[in-house]
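Okay, here's what each chain looks like letter by letter:
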Amino acid sequence: MDKLTENLAELGTGCSLPISLEVIGERWCFMILRASFNGVRHFEGFLSEIGIARNILANRLTRLVEAGIMSRRPCDHDKRKVEYRLTDKGADLLSVIVAIRQWGEKWETGVPSNPVLADARDRQPISRITIRAHDDRVLGLNDLCWIDEAELKSHASDHSGSADRGDMVVRHLKEIGEPSAA
């Protein structure tokens, strides 16, 4: 287990990243999701808001509906029209969209986006999306490691009360990409 990393060769056969990207990892899907989070619900609204071709929009909406990210149903006020709404699965993508937006503001545009996303209760801008530990500490690349799932389960089933996990085999992310000592 000295090469403990994600199995990058298993694209789509158990790794959630390639499977997720197959559904949402395309520019127009993100633009449709962004528009949905901004209240756009109708085909014509998506067309005018994001400047997408009709055939591409129809294709991406179909994919998002088939993936369970959006639902498609007749409008309450006009049954001839169709409405697209985010499902719970789609709403869970909000933090992903916000994290990508924040990354772009920092590294690509260098300028905060307007309008600013804020907490509805306190009317204050939200904090940066971060990776957090089980005890809510903010973690960075140097704080993360890979641990085999079987080893985690083995330690979890050990009811000795010992919180010491120092004997676990880990691979620190900060070491990945550094020159090998071999």
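Further up the page is the structure itself.
As a starting point, this report considers the structure included with it. Residue positions within a chain follow its written sequence, with the count starting from 1. Side-chain atom pairs in this predicted model are given and counted only at pLDDT of 80 or more, local residue features only at pLDDT of at least 70, and totals for whole chains, interfaces and linings cover all residues. Side-chain descriptors were evaluated using all non-hydrogen atoms of the structure, hydrogens and water having been removed beforehand.

### Remarks on the overall build of the protein chain
Basically, it comes down to this: Strands here are runs of E lasting at least two residues and helices are runs of H or I lasting at least four, both read from the DSSP assignment and numbered beginning at the N terminus. Each residue is assigned to one of three classes by its accessible area relative to the maximum for its type, calculated with a 1.4 Å probe on protein chains only: buried under 20%, partly exposed between the two thresholds, exposed over 50%. Any two residues whose heavy atoms approach within 4.5 Å are treated as being in contact. Each accessible area value is a Shrake-Rupley result obtained with a 1.4 Å probe; residue values ignore everything except the protein chains displayed when judging cover.
Looking only at helices and strands, one finds seven helices and six strands in the protein chain. Listing every helix and strand of the protein chain by position from the N terminus yields α-α-α-α-β-β-α-α-β-β-β-α-β. Taking all 182 residues of the protein chain together, the buried fraction comes to 23%. Restricting the contact set of the protein chain to residue pairs at least 6 apart, pairs at least 24 apart contribute 45%. A total accessible area of about 13300 Å² is found for the protein chain, and carbon and sulfur atoms account for 53% of it.

### Description of unusual backbone geometry
Of the consecutive residues N114 and P115, the connecting peptide bond is found in the cis state with omega at 10°. Topologically, P115 is positioned in the loop between α6 (94–109) and β3 (131–132). Despite not being glycine, D136 has its phi angle at roughly 80°, a positive value. Along the polypeptide, D136 turns up in the loop between β3 and β4 (138–139).

This is a description of form; function is not addressed.
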